Amino acid sequence: MAIAYPHFFVSEKSKNLKQQPSLMVSSTPSSPPVILSQDELKKIAAYKAVEFVESGMVVGLGTGSTAKHAVARIGELLKLGKLKNIVGIPTSTITHEQAVSLGIPLSDLNTHSILDLAIDGADEVDREMNLVKGRGGSLLREKMVEAACKKFIVIVDESKLVSHLGGSGLAMPVEIVPFCWEFTLKRLEMLFIEAGCVGKLRRTVGGVPYVTDNGNYIIDLYFKSDMGDLKAASDAILRLAGVVEHGMFLDMATTVIVAGKLGVSVTNK
C-alpha cells in the first residue's frame, strides 16, 4: 500500500488517554510528498521508538513486521557505539535469532524481572490505546515480556487504528492447548455469539495446525460486531479451561507511535 508522506517528522506531543492519536504536520509547501510503502512507514515508526532507548537499559524486543525494524535499529546503534550495555529480552524465537545475528546481548525474565521498556507492533489500536496483538503467533511471550516493562511503546502505521477492537474484521488470536481444540473453539464462539463470532484454527500454508513457540495452537476469532466490555471479554476467555492467553492487550501501552500520510504522532498515556 503506497501512502504519500512529507519530508519531516513532527515533535512529540502528550495527549489524554481517551484521544485518538492524530497525525500532526508542519507547513512545508515547497516540499512535494514522497510516496512511501506501508513497510517504510513501519520503519519510520520503529526508528522513532528507538529514540526512547538509552544505554544501560533492559529492553523488550517485539516480534513482527514492524518490530523487526526496531530490533535492527538497536543492533545498528550498538555497532556504531551510540548505544552501550543494552540487554534485550526477545518475545519469540524469530526475534531471538534476529537479535543474535545483530550482536544484541540477550537475557530473559528469570534474570531481569523488570524491564525499562519494550518496543513492539500491534495489529489493532483503539481510542483507549488498547491493542490486538498476536497475528504473528507470539502473543503469549509478548504479553509476558511487555507486562514486565516500565514503559511499553507501540509502533504502528495508521492502517492499524480502529474504532473498537475487532473492528478491522481481522483475527483476534487466542492461544490454546492442542488437546480437544475443537471443543475449545466452540466454547469461544459461544462466548461471543451475539457479536457474530466465528473461530478458525490457524493453519500453515501446508494445511497443518500452526504451532506456537510454546507448543500450542491458535484459534483466530472474527467478530461481526463489537464484542462489548473488553475487561469482561478478557476475563471470560481466560476462565475457559484449555485457553492459555488471548491477544487483547488492555491498558498496557504507555506510548503509541503512529506513522501515516501526514507525519508521525506520539501519543502518551
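What you are looking at is a predicted structure, and each value in this text was computed from that prediction instead of being measured.

**As for helix α6 (residues 230-239)**
Logical step 1: Buried within α6 we find Leu 230, Ala 233, Ser 234, Ala 236 and Ile 237. Taken end-on, α6 shows its buried residues confined to a sector of 165°, consistent with a single buried face. In α6, those exposed residues whose orientation departs by more than 90 degrees from the buried face are Lys 231 and Arg 239.
Logical step 2: Those residues of α6 hidden inside the fold are in contact with β9 (172-176), α5 (181-191), β12 (243-246) and β13 (248-249).

**Digging into the environment of Arg 73**
Logical step 1: Mapping Arg 73 onto the fold places it in helix α2 (residues 67-80).
Logical step 2: For Arg 73, a relative accessible area of 22% gives the class partly exposed.
Logical step 3: Between the C-alpha atoms of Arg 73 and Tyr 47, which are 26 residues apart in sequence, the distance is 6.6 Å.
Logical step 4: Among all residues touching Arg 73, those that are not within four sequence positions of it are Tyr 47 and Val 50.

**Description of the environment of Val 125**
Logical step 1: On the secondary structure map, Val 125 appears in strand β6 (residues 124-125).
Logical step 2: Separated by 124 residues in sequence, Val 125 and Phe 249 place their C-alpha atoms 9.6 Å apart.
Logical step 3: When sequence neighbours within four positions are dropped, the list of residues in contact with Val 125 reads Asn 130, Leu 131, Val 154, Val 156, Lys 160, Leu 161, Val 162 and Val 256.

**Observations concerning empty space enclosed by the protein**
The gaps of empty space that remain are located by a probe, the size of a water molecule, rolled over the atoms.
Logical step 1: Summed over the entire model, instances satisfying the criterion amount to one cavity of 30 Å³ or more.
Logical step 2: By volume, the largest cavity is sized at about 30 Å³.
Logical step 3: Taken together, Thr 91, Gly 137, Ser 138, Leu 139, Leu 140, Arg 141, Glu 175, Thr 212, Asp 213 and Asn 214 form the lining of the largest cavity.
Logical step 4: When residues of the lining of the largest cavity are assigned to their parent elements, the largest contribution, three residues, is made by helix α4 (residues 139-146).
Logical step 5: When the residues that make up the lining of the largest cavity are grouped by side-chain class, the tally is two nonpolar, five polar and three charged.

**Brief notes about the sheet that holds strand β7 (residues 131-132)**
Logical step 1: Read across the open sheet, the three strands follow the order β6-β7-β13; overall the sheet is antiparallel. Each edge of the sheet is formed by a strand with only one pairing partner; in this case those strands are β6 and β13.
Logical step 2: Bridging between β6 and β7 involves two bridges; their strand directions are antiparallel. Note on β7: the bridge partner recorded for Val 125 is Leu 131.

**Let's talk about the sheet that holds β9**
Logical step 1: Spatially, four strands are ordered β10-β11-β9-β12 in an open sheet, and the strand pairing comes out antiparallel. Of all the strands in the sheet, just β10 (198-201) and β12 have a single pairing partner and so form its edges. If you compare each strand with its neighbour and ignore which way they point, the axes differ by 30° on average.
Logical step 2: Across the face of the sheet, α4 comes into contact with β9, β11 (217-222) and β12 while running at roughly 65° to β12.
Logical step 3: Sheet contacts for α6: β9 and β12; angle to β12, the most-contacted strand, approximately 155°.

**Notes on the environment of Leu 161**
Logical step 1: The topology assignment puts Leu 161 in the loop between β8 (149-157) and β9.
Logical step 2: Taking the C-alpha atoms as reference points, Leu 161 and Leu 131, separated by 30 residues in sequence, lie 9.5 Å from one another.

**Some points on helix α1 (residues 38-50)**
Logical step 1: Over its 13 residues, α1 extends 19 Å from the first C-alpha to the last, a length consistent with the 18 Å expected when each residue adds 1.5 Å.
Logical step 2: Listed in full, the buried residues belonging to α1 are Leu 41, Lys 42, Ile 44, Ala 45, Ala 46, Lys 48, Ala 49 and Val 50.

**Comments concerning the side chain of Thr 66**
Logical step 1: You can see Thr 66 is positioned in the loop between β3 (58-61) and α2.
Logical step 2: Judged by its relative accessible area of 6%, Thr 66 is buried.
Logical step 3: Setting aside its immediate chain neighbours within four residues, Thr 66 contacts Lys 42, Ala 46, Gly 121 and Ile 155.

**Describing the pattern of salt bridges**
Logical step 1: Evaluation of the coordinates by the stated rule reveals 10 salt bridges.
Logical step 2: Ionic pairing is found between Asp 116 and Lys 150, a salt bridge with its closest N-O pair at 3.8 Å. Within this pair, whereas Asp 116 is found in strand β5 (residues 115-120), its partner Lys 150 is found in strand β8, the two being separated by 34 residues in sequence.
Logical step 3: According to the relative accessible area criterion, Asp 116 is partly exposed, its value standing at 24%.
Logical step 4: Residue classification places Lys 150 among the exposed residues on the basis of a relative accessible area of 56%.
Logical step 5: In this structure, Glu 124 and Arg 135 form a salt bridge, with 3.0 Å as the shortest nitrogen-oxygen distance. Of this pair, Glu 124 sits in strand β6 while Arg 135 sits in the loop between β7 and α4, placing them 11 residues apart in sequence.

What counts and what doesn't
Residues numbered from 1 in each chain as written. Predicted model: local features only at pLDDT ≥ 70, side-chain atom pairs only at ≥ 80, totals over all residues. Heavy atoms only, no water. Buried < 20%, exposed > 50% of the residue type's maximum accessible area, 1.4 Å probe, protein only. Helix = DSSP H or I, 4+ residues; strand = E, 2+ residues; numbered from the N terminus. Arc of directions from axis to C-beta. Contact = heavy atoms within 4.5 Å. 1 Å grid on protein atoms, 1.4 Å probe; cavity = no way out; pocket = protein on both sides within 12 Å on 5 of 7 lines; lining within 4 Å. Points joined across faces, edges and corners; volume = space filled by probe spheres on them. Nonpolar A, V, L, I, M, F, W, Y, C, P; charged D, E, K, R; others polar. Pairing = 2+ DSSP bridges. Axes fitted to C-alpha atoms, helices over the stretch in contact; angles between N-to-C directions. Expected span 1.5 Å × (residues − 1). Salt bridge = Lys/Arg side-chain N within 4 Å of Asp/Glu carboxyl O.

Purely spatial values, then, with no claim about function.
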